[in-house]
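Notes for the structure review
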Amino acid sequence: MGKNLSIVTISFLLLLAFTSAGQVFDVKSYGGKPNADITQALTKAWKAACAVAGSKVVISAGTYKLGVVTLLGPCKGAIEFNLQGTLQAPSNVASFNGKDFWVSFQRIDSLTVSGGGVFDGKGQMAWQNNNCAKKYSCKTLPINIRFDFVTNSIVRNIKSKDSKFFHINVMGCKNLQIQHVTITAPGDSPNTDGIHIGRSSKITITNANIGTGDDCISIGDGTQDVTANQVTCGPGHGISIGSLGRYQNEQPVSGIRVIGSTLSNTQNGVRIKTWPSSPPGSAFDMHFENIIMNNVANPILIDQGYCPNSQCSNKSPSKVKISNVSFKNIRGTSSTKEAMKLICSNSVPCQQVVVADIDLVYKGAGGSTTSTCVNVKPTVSGKQNPPACTRKQY
Ligand SMILES: *[C@@H]1O[C@H](CO)[C@@H](O)[C@H](O)[C@H]1NC(C)=O
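These numbers were taken from a predicted model, which means no experiment stands behind them.

**Quick word on the confidence of the model for the chain**
In this model, the chain carries a mean pLDDT of 93, and residues with pLDDT of at least 70 account for 94%. Taken element by element, the chain is modelled with least confidence in helix H1 (residues 2–20), mean pLDDT 49, and with most confidence in strand S9 (residues 118–120), mean pLDDT 99. Per-residue pLDDT stays below 50 along residues 13–20; that stretch engages in three contacts with residues further than four places along the chain or on separate chains.

**Brief notes about the site of the ligand**
Lining the immediate surroundings of the ligand are Arg257, Phe284, Asp285, His287 and Asn324. Between an oxygen atom of the ligand and a side-chain N or O atom of asparagine 324, the distance comes to 2.4 Å. Tallying contributions element by element places strand S25 (residues 281–296) first for the shell around the ligand, with three residues. Taken together, the residues of the shell around the ligand break down into one nonpolar, two polar and two charged.

**Overview of the nonpolar core**
The biggest cluster of nonpolar side chains holds 88 residues, and the ones touching the most others in it are Trp46, Phe81, Phe105 and Phe327. For phenylalanine 327, the residues in contact, after removing those within four places along its chain, are Val270, Phe288, Ile300, Ile302, Leu342, Val354, Val355, Ala356 and Ile358. Core analysis: the next-biggest nonpolar cluster, separate from the first, contains seven residues, Val93, Cys132, Phe165 and Phe166 among them.

**Notes on unusual backbone geometry**
In the segment running from glycine 73 into proline 74, the intervening peptide bond is cis, with an omega of 0°. Note on placement: proline 74 falls in the loop between strand S4 (69–72) and strand S5 (79–83). Note that the residue after asparagine 385, namely proline 386, is joined by a cis bond; omega there is 10°. Here proline 386 lies in the loop between strand S31 (379–385) and strand S32 (391–393).

**Remarks on helix H2 (residues 39–50)**
Taking 1.5 Å of rise per residue, the 12 residues of H2 would be expected to cover 16 Å, and the 16 Å separating its terminal C-alpha atoms lies within 8% of that figure. Within the span of H2, buried status applies to Thr39, Ala41, Leu42, Ala45, Trp46, Ala49 and Cys50. For H2, the buried positions fall inside an angular range of 160° around the axis, keeping them on one side. Seen from the buried face of H2, the exposed residues on the opposite side, beyond 90 degrees, are Gln40 and Lys47.

**Brief notes about the sheet that holds S4**
With respect to topology, 12 strands assemble into an open sheet ordered S4-S7-S10-S13-S16-S19-S22-S24-S26-S28-S30-S32, the strand pairing being parallel. Every interior strand has two partners, whereas the edge strands, S4 and S32, have only one. Averaged over all adjacent pairs, the angle separating strand axes in this sheet is 15°, with direction ignored. Inspection of the sheet shows strand S19 (residues 217–219) paired to strand S22 (residues 239–244) by three bridges, in the parallel sense.

**Remarks on the packing of aromatic side chains**
What the rule picks out here adds up to eight aromatic pairs. Their ring planes at 70° and their centres at 6.3 Å tell us that tryptophan 46 and phenylalanine 105 sit as a pair that is edge-to-face. With a gap of 59 residues between them, tryptophan 46 in helix H2 and phenylalanine 105 in strand S7 (residues 101–106) connect regions that are remote in the sequence. Pair check on accessibility: tryptophan 46 and phenylalanine 105 agree, each one buried. Plain terms: the ring middles of phenylalanine 165 and phenylalanine 166 are 4.7 Å apart, the flat faces sit at 10° to each other, and that makes the pair stacked. Of the two residues examined, phenylalanine 165 and phenylalanine 166, each falls in the buried class. An aromatic cluster of at least three residues, connected via ring pairs, comprises Trp46, Phe81, Trp102, Phe105, Phe119 and Phe147. The ring of phenylalanine 149 has arginine 107 sitting right over it, with the charged end atom 4.6 Å from the ring centre. Lysine 377 extends its terminal NZ or CZ atom over the ring of tyrosine 394, reaching a point 4.2 Å from the ring centre.

Thresholds, definitions, all that
- Residues numbered from 1 in each chain as written.
- Predicted model: local features only at pLDDT ≥ 70, side-chain atom pairs only at ≥ 80, totals over all residues.
- Heavy atoms only, no water.
- pLDDT = per-residue confidence, 0-100.
- Helix = DSSP H or I, 4+ residues; strand = E, 2+ residues; numbered from the N terminus.
- Contact = heavy atoms within 4.5 Å.
- Near = heavy atom within 4 Å.
- Polar contact = N/O pair within 3.5 Å; in protein donor to acceptor, adjacent residues only side chain to side chain.
- Nonpolar A, V, L, I, M, F, W, Y, C, P; charged D, E, K, R; others polar.
- Core = buried A, V, L, I, M, F, W, Y, C linked by side-chain atoms within 4.5 Å.
- Buried < 20%, exposed > 50% of the residue type's maximum accessible area, 1.4 Å probe, protein only.
- Expected span 1.5 Å × (residues − 1).
- Arc of directions from axis to C-beta.
- Pairing = 2+ DSSP bridges.
- Axes fitted to C-alpha atoms, helices over the stretch in contact; angles between N-to-C directions.
- Phe/Tyr/Trp six-rings, centres within 6.5 Å; stacked < 30°, edge-to-face > 60°.
- Lys NZ or Arg CZ within 6 Å of the ring centre and 35° of its normal.

Spelled out as structure tokens, the structure:
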């Protein structure tokens, strides 16, 4: 009797699981219409979908206005956010009520974001009033898309455009794949980092196409196991680990791989940056391989005196220890003569740095590229253009 009952119960649950798989929650059914504000409709559709396992929120083709939304889990099971249309953020920062995001996915397991649609952050007005370059603590501006504590999830085939601040921010996430995302903003738009990852692990970024006004990808403290593969970057400030050491209690960074990417007309190529006068910290097991540089200003860079706009105290060196770093098979053109700069801290010199098969040609007239090594003795092999450590200080 007990056994039969449990079989019936299980069959019923299975049936429920099957019939609800792929259940669609279209914002249209919640009053969402093109060219109108769908904040309420999306909030309702999400809530309903989240209460069902294997559901899908759909925003079909068309342009929609959307205010600040938090798409909150945990949900009953896997959930898909399928954006086919274009979402437009409010232009005015005041309408964000001090929130640091526009669209936030929070505390969700098994999320898929897909559909080929666009998150248009309408950042032009906010960029004009951005004071982050002048002030150490600037006013918080909204990030286009936040992923906070999202696990075992996929973000694929979406576009983020003209964010007021970072485009995509990944925080506290585990096992997240980001595939085929396109990110665009003007080269002079301030702080519009493409993808920023912090305090997360097992993150992969593949086939991303990022052109923006700040770092294409930046990796902050407490991050382990990130692979960026086939990323196209430019304009922008390049692919960065850091900045690290700005704040107290930062956690180590490790297990970072940047492979098979192309950077064009960027301010930097691949770099690791830490602030001077920092608390102790560490970054290790970081590898950059098979990368093409086209007219890049600082193709290979370790900068342990990172101090943009002289916002920091230069009194003591950085205490963030950098070790186990490799730069392998990095080729193309540099827009400055000093194509490789490894400027490590004299308080904690860099350890286990490998430089192999580098061929960076100066794009300007007259002369070949040079390199600088400070507080680092790299192990070099293969082609070395520029010759390793043409200028050194230890
Ligand atoms: C150094 O890097 C290699 C290559 O990725 C990795 O296998 C090794 O675990 C790293 N060691 C440390 C101490 O980070």
